[in-house]
Amino acid sequence: MPEVPPPAPTGDELLKVLTALGNPHRMRIVGALLERRNYVSALAREIGMSRPLLHMHLQRLEAAGLVVGTLELAEDGKAMKYFDVTPFVYELTPDVIARAAATLTEAEKEEAK
């Protein structure tokens, strides 16, 4: 059975994804999480950034649907938030961008100015 292609993203969705990936730190985070899921403290050490800054980047990636976080309890009872990369595929062609641009909400159009 042939694989069904994902639906074309709306303008707002595509803008959120491109904005999230338009930062080198966030691209590095996705790359690190692709190798293995990780929790915030260990990922911060691996990437070499502070936990608050990493958390801000992870929030952007999660809001764009590129990563997902789950809260888990360690053996010592400490809550740890693990992050995984979410499977995603985006095709960027002039046609896809034009169709997405036609669906931008007014808030996104104003923000782009």
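Residues numbered from 1 in each chain as written. Predicted model: local features only at pLDDT ≥ 70, side-chain atom pairs only at ≥ 80, totals over all residues. Heavy atoms only, no water.

Going by the annotation in an unreviewed UniProt entry, the name recorded for the chain is Winged helix-turn-helix transcriptional regulator, with Streptomyces ferrugineus given as the source organism.

J.: Just to check I follow, could you spell out the pattern of salt bridges for this structure?
T.: Opposite charge on two side chains allows them to pair when their charged atoms are near. The final tally for this structure, using the stated rule, is four salt bridges. The partner of Arg-36 in a salt bridge is Glu-46, with the nearest N and O atoms 3.0 Å apart. In this pair, Arg-36 sits in the loop between helix H2 (24-35) and strand S1 (38-39) while Glu-46 sits in helix H3 (residues 40-47), placing the two residues 10 residues apart along the sequence. For Arg-36, a relative accessible area of 44% puts it in the partly exposed group. (Salt bridge = Lys/Arg side-chain N within 4 Å of Asp/Glu carboxyl O. Helix = DSSP H or I, 4+ residues; strand = E, 2+ residues; numbered from the N terminus. Buried < 20%, exposed > 50% of the residue type's maximum accessible area, 1.4 Å probe, protein only.)

J.: What is the right way to look at the packing of aromatic side chains in this model?
T.: Aromatic ring pairs are described here by two measures, namely the spacing of the ring centres and the angle between the planes. Throughout the structure, instances matching the rule amount to two aromatic pairs. Summarising the aromatic geometry, the rings of Phe-88 and Tyr-90 are spaced 6.1 Å apart at their centres and angled 45 degrees between planes, so their arrangement reads as tilted. Take Phe-88: its relative accessible area is 33%, and that puts it in the partly exposed class. Exposure remark for Tyr-90: the relative accessible area of 35% places this residue in the partly exposed category. (Phe/Tyr/Trp six-rings, centres within 6.5 Å; stacked < 30°, edge-to-face > 60°.)

J.: Which parts of the structure should I look at to understand the packing of H2 against helix H4 (residues 51-63)?
T.: Angle between the axes and distance between the axes: these two values describe a pair of packed helices. Relative to each other, H2 and H4 sit at 80 degrees, their axes nearing to 10 Å. The orientation of H2 with respect to H4, classified from their angle, is roughly perpendicular. Across the interface between the two elements, His-25, Arg-26, Ile-29, Val-30 and Leu-33 from H2 touch Leu-54, Met-56, His-57, Leu-58, Arg-60 and Leu-61 from H4. Tallied by class, residues from the contact of H2 with H4 come to seven nonpolar, two polar and two charged. (Axes fitted to C-alpha atoms, helices over the stretch in contact; angles between N-to-C directions. Parallel < 35°, antiparallel > 145°, perpendicular 65-115°, else oblique. Contact = heavy atoms within 4.5 Å. Nonpolar A, V, L, I, M, F, W, Y, C, P; charged D, E, K, R; others polar.)

J.: Which parts of the structure should I look at to understand the environment of Tyr-39?
T.: Locating Tyr-39 in the fold gives a position in strand S1. In this structure, the C-alpha to C-alpha distance between Tyr-39 and Gly-69, residues 30 residues apart in sequence, is 8.8 Å. Residues in contact with Tyr-39, not counting those within four places in the same chain, are Arg-45, Met-80, Lys-81 and Tyr-82.

J.: Quick question: what am I supposed to make of the sheet that holds S1 here?
T.: Pairing in this open sheet of three strands is antiparallel, and the strands run S1-S3-S2 from one edge to the other. With one partner strand each, in any of the chains shown, S1 and strand S2 (67-73) form the two edges of the open sheet. As paired strands, S1 and strand S3 (residues 79-85) are joined by two bridges and run antiparallel to one another. Bridge pairing in S3 links Asn-38 to Phe-83. Contacts from H4 reach S2 and S3, with the element oriented near 120 degrees to S2. (Pairing = 2+ DSSP bridges.)

J.: I keep staring at the pairing of S3 and nothing clicks. Help me out?
T.: Residues in a regular strand project their side chains so that they alternate between the two faces of the sheet. Sheet analysis places S2 next to S3, joined by seven bridges and oriented antiparallel. The partner of Glu-72 across the bridge, within S3, is Met-80.

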